[in-house]
Amino acid sequence: MNDARRRTLMFAALVGALAWSGWLALQEDPADDLVEVAKEARPSASPPAEAPTLASPAASLSHPDVRQDEHAARLLVASTNLFPKQTWFIPPPPPPPPPPPP
């Protein structure tokens, strides 16, 4: 297959794809595109009920066998520094052996 034949086939495929998409666009029912608009909500006549409040956020997550001061200590340590100083070191691998003499 030479370049002229390939170019003709690619052009024919492009024209076919454009014709097919145009035919699909013309055959589509315009009623399908309509969207139903929801009614606007009206404010309630009575005020909303108040949400229950907790003494502390950690109280809802605590287990019966863990004390609150342990939670506070962990939160204090966790929130002080997100990037603490690195306290461990992995040494680099040893250098490769020297090449043998010629």
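Residues numbered from 1 in each chain as written. Predicted model: local features only at pLDDT ≥ 70, side-chain atom pairs only at ≥ 80, totals over all residues. Heavy atoms only, no water.

Assigned secondary structure in the protein consists of 3 helices and 0 strands. Sequence-ordered secondary structure for the protein, helices as α and strands as β, is α-α-α. The buried share of the protein, reckoned over its 102 residues, is 2%. (Helix = DSSP H or I, 4+ residues; strand = E, 2+ residues; numbered from the N terminus. Buried < 20%, exposed > 50% of the residue type's maximum accessible area, 1.4 Å probe, protein only.)

Next up on the list: a nonpolar patch on the surface. Together, F11, L14, V15 and L18 give the surface a local cluster of nonpolar side chains, amounting to about 410 Å² of exposed area. Residue placement: F11 occurs in helix α1 (residues 3-27). (Patch = residues over 30% accessible without salt bridge, like charges linked within 9 Å, V, L, I, M, F, W, Y side chains within 5 Å. Areas by Shrake-Rupley, 256 points an atom, 1.4 Å probe, with all protein chains shown as cover. Salt bridge = Lys/Arg side-chain N within 4 Å of Asp/Glu carboxyl O.)

The next point concerns the pattern of salt bridges. A side chain of one charge can pair with a side chain of the opposite charge when the charged atoms of the two come close. Applying the stated criterion across every chain, the model contains 1 salt bridge. Where D3 meets R6, a salt bridge forms, and the shortest distance between an N and an O atom there is 3.0 Å. Here R6 and D3 lie together in helix α1, a separation of 3 residues that amounts to about one turn.

To continue, consider the confidence of the model for the protein. Looking at the protein, pLDDT values average 78 and 73% of them are 70 or higher. Averaged pLDDT values for the elements of the protein fall to 52 in helix α2 (residues 57-61) and rise to 93 in α1. (pLDDT = per-residue confidence, 0-100.)

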